[in-house]
Amino acid sequence: FPTRRSSDLVPYQYKNYDDNVFPVMGILGTPVIDRTAGVIYLVADTYNGKIDNFHLHAVSITTLKDVTSATLIKISARLADGSTWTFNPKYHLQRPGLLEANGSIYVAFGSNGDTQPDQSRGSIARYDATTLSFLGSDVTDTLKTATSYYLSSIWQSGYGVASDSNGDIYFSTGNSDPSTPSYSSSFNRPDSVVHLSGDLTSLIDSFTPSNYFQLDQGDTDLGSGGAMLLPDQPGSTPHLVVAGGKDGRAFLMNRDN
(Lines give C-alpha, C1' and ligand atoms only; values in the text may rest on other atoms or scores of the structure.)
Protein backbone atom coordinates (compact mmCIF):
# COMPACT_ATOMS: atom_id res chain seq x y z
CA PHE A 1 0.00 0.00 0.00
CA PRO A 2 2.18 2.85 -1.29
CA THR A 3 0.86 5.80 0.72
CA ARG A 4 1.73 4.25 4.10
CA ARG A 5 4.91 4.99 6.03
CA SER A 6 6.28 3.00 8.95
CA SER A 7 5.57 5.98 11.18
CA ASP A 8 1.84 5.67 10.35
CA LEU A 9 1.59 2.22 11.90
CA VAL A 10 -0.28 1.96 15.19
CA PRO A 11 1.89 0.63 18.06
CA TYR A 12 0.24 -1.99 20.22
CA GLN A 13 1.13 0.05 23.32
CA TYR A 14 -1.26 2.77 22.13
CA LYS A 15 -4.02 0.18 21.78
CA ASN A 16 -3.87 -0.46 25.53
CA TYR A 17 -1.09 -3.02 25.10
CA ASP A 18 -3.37 -5.41 23.24
CA ASP A 19 -0.93 -7.95 21.83
CA ASN A 20 -3.44 -9.84 19.69
CA VAL A 21 -1.70 -7.98 16.86
CA PHE A 22 1.96 -7.34 17.67
CA PRO A 23 3.93 -5.07 17.59
CA VAL A 24 2.12 -2.69 15.19
CA MET A 25 -1.27 -2.50 13.48
CA GLY A 26 -2.20 -1.19 10.06
CA ILE A 27 -4.36 -3.07 7.53
CA LEU A 28 -5.89 -6.04 9.39
CA GLY A 29 -9.25 -6.90 7.80
CA THR A 30 -8.89 -8.87 4.55
CA PRO A 31 -9.60 -6.46 1.66
CA VAL A 32 -12.27 -7.15 -0.96
CA ILE A 33 -11.58 -6.90 -4.71
CA ASP A 34 -14.16 -5.83 -7.29
CA ARG A 35 -12.66 -7.33 -10.45
CA THR A 36 -15.19 -5.62 -12.72
CA ALA A 37 -14.37 -2.18 -11.35
CA GLY A 38 -10.68 -3.01 -10.96
CA VAL A 39 -10.72 -1.77 -7.38
CA ILE A 40 -9.51 -3.20 -4.06
CA TYR A 41 -11.23 -1.91 -0.91
CA LEU A 42 -9.32 -1.87 2.36
CA VAL A 43 -9.34 -0.24 5.77
CA ALA A 44 -6.12 1.27 7.14
CA ASP A 45 -5.58 2.21 10.78
CA THR A 46 -3.06 5.08 10.93
CA TYR A 47 -1.40 6.88 13.82
CA ASN A 48 -0.11 10.46 13.96
CA GLY A 49 1.80 10.06 17.21
CA LYS A 50 -1.17 11.11 19.35
CA ILE A 51 -4.33 9.44 18.02
CA ASP A 52 -5.29 6.85 15.42
CA ASN A 53 -8.01 6.82 12.79
CA PHE A 54 -9.51 4.26 10.42
CA HIS A 55 -9.95 5.18 6.75
CA LEU A 56 -11.72 3.18 4.04
CA HIS A 57 -9.80 3.24 0.76
CA ALA A 58 -10.77 2.31 -2.81
CA VAL A 59 -7.50 1.58 -4.65
CA SER A 60 -6.98 0.80 -8.34
CA ILE A 61 -5.52 -2.68 -8.72
CA THR A 62 -3.50 -1.49 -11.73
CA THR A 63 -2.13 1.87 -10.55
CA LEU A 64 -2.34 1.32 -6.76
CA LYS A 65 -3.74 4.86 -6.44
CA ASP A 66 -6.90 5.87 -4.59
CA VAL A 67 -9.71 6.12 -7.15
CA THR A 68 -11.66 8.42 -4.84
CA SER A 69 -10.90 10.20 -1.60
CA ALA A 70 -10.53 7.89 1.38
CA THR A 71 -13.32 8.07 3.95
CA LEU A 72 -12.72 8.61 7.67
CA ILE A 73 -14.77 6.03 9.56
CA LYS A 74 -17.08 7.57 12.15
CA ILE A 75 -19.86 5.64 13.89
CA SER A 76 -22.29 6.56 16.64
CA ALA A 77 -25.33 4.95 18.21
CA ARG A 78 -28.24 5.92 20.44
CA LEU A 79 -28.08 3.85 23.61
CA ALA A 80 -30.95 2.31 25.56
CA ASP A 81 -30.92 5.17 28.09
CA GLY A 82 -31.13 7.83 25.37
CA SER A 83 -27.47 8.86 25.50
CA THR A 84 -25.14 8.68 22.49
CA TRP A 85 -22.12 6.42 22.11
CA THR A 86 -19.38 7.52 19.73
CA PHE A 87 -16.90 5.11 18.15
CA ASN A 88 -13.34 5.72 19.35
CA PRO A 89 -10.78 4.04 17.09
CA LYS A 90 -8.29 3.69 19.96
CA TYR A 91 -10.42 0.95 21.50
CA HIS A 92 -11.27 -0.99 18.33
CA LEU A 93 -9.70 -3.26 15.73
CA GLN A 94 -10.93 -3.82 12.19
CA ARG A 95 -10.31 -7.56 12.00
CA PRO A 96 -13.20 -9.07 9.97
CA GLY A 97 -12.82 -9.30 6.23
CA LEU A 98 -14.64 -6.63 4.23
CA LEU A 99 -17.79 -7.43 2.22
CA GLU A 100 -19.05 -5.96 -1.05
CA ALA A 101 -22.81 -6.38 -1.54
CA ASN A 102 -25.79 -4.20 -2.47
CA GLY A 103 -23.49 -1.73 -4.23
CA SER A 104 -21.87 -1.15 -0.85
CA ILE A 105 -18.81 -1.97 1.21
CA TYR A 106 -19.44 -3.31 4.72
CA VAL A 107 -16.81 -2.80 7.43
CA ALA A 108 -17.08 -4.46 10.85
CA PHE A 109 -15.22 -3.77 14.07
CA GLY A 110 -14.32 -5.53 17.27
CA SER A 111 -12.33 -4.58 20.35
CA ASN A 112 -8.70 -4.56 21.46
CA GLY A 113 -9.25 -7.91 23.07
CA ASP A 114 -11.17 -7.27 26.30
CA THR A 115 -8.75 -4.59 27.47
CA GLN A 116 -11.23 -1.68 27.52
CA PRO A 117 -14.75 -3.16 27.69
CA ASP A 118 -16.25 0.11 28.92
CA GLN A 119 -15.32 1.71 25.57
CA SER A 120 -15.50 -1.07 22.97
CA ARG A 121 -18.67 -2.22 21.21
CA GLY A 122 -19.15 -4.35 18.13
CA SER A 123 -20.20 -2.35 15.09
CA ILE A 124 -20.70 -2.61 11.35
CA ALA A 125 -20.86 0.27 8.88
CA ARG A 126 -21.96 0.52 5.25
CA TYR A 127 -20.40 2.72 2.55
CA ASP A 128 -21.27 3.39 -1.09
CA ALA A 129 -18.87 1.35 -3.24
CA THR A 130 -18.44 4.16 -5.79
CA THR A 131 -18.23 7.28 -3.63
CA LEU A 132 -17.36 5.74 -0.22
CA SER A 133 -20.17 7.83 1.27
CA PHE A 134 -21.43 6.63 4.65
CA LEU A 135 -24.81 4.85 4.34
CA GLY A 136 -25.53 3.70 7.89
CA SER A 137 -24.39 1.44 10.71
CA ASP A 138 -25.45 -1.00 13.41
CA VAL A 139 -23.99 -1.45 16.90
CA THR A 140 -24.34 -4.85 18.58
CA ASP A 141 -24.50 -3.62 22.20
CA THR A 142 -26.43 -0.44 22.94
CA LEU A 143 -27.03 -1.09 26.63
CA LYS A 144 -25.84 1.34 29.30
CA THR A 145 -25.12 -0.72 32.41
CA ALA A 146 -23.87 -0.21 35.94
CA THR A 147 -20.91 -2.48 35.26
CA SER A 148 -19.92 -0.55 32.07
CA TYR A 149 -18.90 -3.78 30.34
CA TYR A 150 -20.06 -4.01 26.71
CA LEU A 151 -18.17 -5.60 23.76
CA SER A 152 -20.30 -8.11 21.77
CA SER A 153 -17.52 -7.47 19.28
CA ILE A 154 -17.42 -8.52 15.64
CA TRP A 155 -14.02 -10.10 15.11
CA GLN A 156 -14.57 -13.67 13.85
CA SER A 157 -10.80 -14.44 13.82
CA GLY A 158 -10.65 -12.43 10.62
CA TYR A 159 -13.46 -14.18 8.74
CA GLY A 160 -15.50 -11.86 6.56
CA VAL A 161 -19.03 -10.58 6.97
CA ALA A 162 -21.43 -12.64 4.80
CA SER A 163 -24.45 -11.83 2.63
CA ASP A 164 -27.17 -13.87 0.92
CA SER A 165 -28.93 -13.51 -2.43
CA ASN A 166 -31.37 -11.03 -0.88
CA GLY A 167 -28.50 -8.80 0.20
CA ASP A 168 -29.06 -9.55 3.90
CA ILE A 169 -26.01 -9.43 6.20
CA TYR A 170 -24.74 -12.11 8.62
CA PHE A 171 -21.99 -12.18 11.25
CA SER A 172 -21.14 -13.64 14.67
CA THR A 173 -20.46 -11.71 17.88
CA GLY A 174 -18.14 -12.22 20.82
CA ASN A 175 -18.56 -12.16 24.58
CA SER A 176 -20.05 -9.42 26.71
CA ASP A 177 -20.37 -8.82 30.47
CA PRO A 178 -19.01 -11.79 32.51
CA SER A 179 -20.47 -10.51 35.79
CA THR A 180 -24.12 -9.96 34.85
CA PRO A 181 -26.31 -11.60 32.19
CA SER A 182 -26.68 -8.86 29.55
CA TYR A 183 -28.48 -10.41 26.58
CA SER A 184 -31.33 -8.22 25.31
CA SER A 185 -33.25 -8.88 22.11
CA SER A 186 -33.41 -5.13 21.55
CA PHE A 187 -30.11 -3.83 22.90
CA ASN A 188 -27.37 -6.48 23.20
CA ARG A 189 -26.57 -9.61 21.21
CA PRO A 190 -23.51 -11.32 22.74
CA ASP A 191 -22.23 -14.71 21.50
CA SER A 192 -24.80 -14.62 18.71
CA VAL A 193 -25.27 -15.11 15.00
CA VAL A 194 -26.93 -11.95 13.71
CA HIS A 195 -29.03 -11.52 10.53
CA LEU A 196 -29.53 -7.88 9.48
CA SER A 197 -31.18 -6.20 6.52
CA GLY A 198 -28.76 -4.96 3.90
CA ASP A 199 -29.33 -1.34 4.91
CA LEU A 200 -28.44 -2.30 8.52
CA THR A 201 -31.67 -0.77 9.85
CA SER A 202 -33.51 -3.98 10.78
CA LEU A 203 -32.63 -7.00 12.88
CA ILE A 204 -34.30 -9.75 10.85
CA ASP A 205 -33.31 -12.64 13.07
CA SER A 206 -30.62 -13.91 15.42
CA PHE A 207 -29.49 -16.98 17.33
CA THR A 208 -28.01 -16.91 20.82
CA PRO A 209 -27.08 -20.16 22.63
CA SER A 210 -28.97 -20.77 25.85
CA ASN A 211 -25.68 -20.88 27.77
CA TYR A 212 -24.39 -17.57 26.36
CA PHE A 213 -23.69 -16.24 29.88
CA GLN A 214 -21.39 -19.21 30.58
CA LEU A 215 -19.62 -18.31 27.34
CA ASP A 216 -19.34 -14.71 28.57
CA GLN A 217 -17.91 -15.87 31.89
CA GLY A 218 -15.36 -18.17 30.26
CA ASP A 219 -14.32 -15.84 27.42
CA THR A 220 -15.39 -18.66 25.08
CA ASP A 221 -16.85 -16.50 22.34
CA LEU A 222 -19.19 -17.93 19.74
CA GLY A 223 -17.93 -15.01 17.63
CA SER A 224 -14.38 -16.39 17.45
CA GLY A 225 -15.52 -18.06 14.22
CA GLY A 226 -17.35 -16.60 11.26
CA ALA A 227 -20.87 -17.23 10.02
CA MET A 228 -20.69 -19.18 6.73
CA LEU A 229 -23.68 -19.34 4.39
CA LEU A 230 -24.03 -22.69 2.65
CA PRO A 231 -25.18 -23.15 -0.96
CA ASP A 232 -28.92 -23.70 -1.33
CA GLN A 233 -29.89 -27.25 -0.28
CA PRO A 234 -32.61 -29.58 -1.56
CA GLY A 235 -35.61 -30.22 0.64
CA SER A 236 -37.76 -28.10 2.93
CA THR A 237 -34.89 -26.16 4.55
CA PRO A 238 -32.82 -24.80 1.64
CA HIS A 239 -31.10 -21.86 3.35
CA LEU A 240 -28.51 -22.77 5.97
CA VAL A 241 -25.77 -20.98 7.90
CA VAL A 242 -23.11 -22.62 10.04
CA ALA A 243 -21.16 -20.99 12.87
CA GLY A 244 -19.01 -22.09 15.78
CA GLY A 245 -16.66 -20.73 18.40
CA LYS A 246 -14.13 -21.43 21.13
CA ASP A 247 -16.12 -24.09 22.98
CA GLY A 248 -15.88 -26.45 20.02
CA ARG A 249 -19.55 -26.63 19.04
CA ALA A 250 -20.83 -26.00 15.52
CA PHE A 251 -24.36 -24.71 15.03
CA LEU A 252 -26.22 -25.48 11.79
CA MET A 253 -29.09 -23.00 11.46
CA ASN A 254 -32.03 -22.28 9.21
CA ARG A 255 -31.42 -18.78 7.79
CA ASP A 256 -35.17 -18.33 7.33
CA ASN A 257 -35.91 -18.98 11.01
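Read on for an overview of the structure. In this text the structure is predicted, and so the values were computed from the model without any measurement.

Thresholds applied
Residues numbered from 1 in each chain as written. Predicted model: local features only at pLDDT ≥ 70, side-chain atom pairs only at ≥ 80, totals over all residues. Heavy atoms only, no water. Helix = DSSP H or I, 4+ residues; strand = E, 2+ residues; numbered from the N terminus. Contact = heavy atoms within 4.5 Å. Pairing = 2+ DSSP bridges. Core = buried A, V, L, I, M, F, W, Y, C linked by side-chain atoms within 4.5 Å. Buried < 20%, exposed > 50% of the residue type's maximum accessible area, 1.4 Å probe, protein only. Lys, Arg positive; Asp, Glu negative; His and termini not counted. Salt bridge = Lys/Arg side-chain N within 4 Å of Asp/Glu carboxyl O. Polar contact = N/O pair within 3.5 Å; in protein donor to acceptor, adjacent residues only side chain to side chain.

1. Focus: the environment of Y91
Locating Y91 in the fold gives a position in the loop between strand 8 (84-86) and strand 9 (92-93). Counting along the chain gives 76 residues from Y91 to K15, while the straight-line C-alpha distance between them is 6.5 Å. Leave out the neighbours within four places in its chain, and Y91 touches G110, S111, N112, Q116, Q119 and S120.

2. So, the sheet that holds strand 15 (residues 169-172)
Taken together, the four strands give an open sheet; going across it, the order is 14-15-16-17, and neighbouring strands pair in antiparallel fashion. Each edge of the sheet is formed by a strand with only one pairing partner; in this case those strands are strand 14 (162-163) and strand 17 (203-207). Where strand 15 and strand 16 (residues 193-196) come together, four bridges link them in antiparallel fashion. Bridging across to strand 16, Y170 finds its partner in H195.

3. Focus on the nonpolar core
In this structure, Y41, L56, I73, I75, L98, I105 and V107 are the most contacted members of the largest nonpolar core, which totals 22 residues. Elements with a minimum of two residues in this core: strand 4 (39-47), strand 5 (52-60), strand 11 (104-111) and strand 12 (123-128). Residue contacts for I73: discarding those within four places in its chain leaves V43, F54, L56, F87, V107, F109 and Y127. One finds L99, A101, I124 and L200 within the second-largest nonpolar core, a separate group that totals twelve residues.

4. Notes on the environment of S148
Tracing the sequence through the fold places S148 in the loop between strand 13 (134-139) and strand 14. The class for S148 is partly exposed, based on a relative accessible area of 30%. For S148 and D216, which are 68 residues apart along the polypeptide, the C-alpha to C-alpha distance reads 15 Å. In this structure, S148 is in contact with P117 and D118, ignoring residues within four places of it in sequence.

5. Points about the side chain of D168
Its location among the elements puts D168 in the loop between strand 14 and strand 15. No salt bridge forms around the buried D168; measuring N to O, its nearest opposite-charge neighbour R255 is 7.7 Å away. Among the polar contacts made by the side chain of D168, one reaches the side chain of H195 at a distance of 2.9 Å. Non-local contacts of D168, meaning those with residues more than four positions away in its chain, are made with A162, S163, H195, L196, S197, G198 and I204.

6. A few points about unusual backbone geometry
Looking along the chain, the bond that leaves F22 and enters P23 is cis, with omega of 0 degrees. Mapped onto the secondary structure, P23 falls in the loop between strand 1 (10-11) and strand 2 (24-25). The backbone of N16 sits at a positive phi, close to 60 degrees, despite the residue not being glycine. Structurally, N16 can be placed in the loop between strand 1 and strand 2. Residue L132 is not a glycine yet carries a positive backbone phi of 65 degrees. Here L132 shows up in the loop between strand 12 and strand 13.

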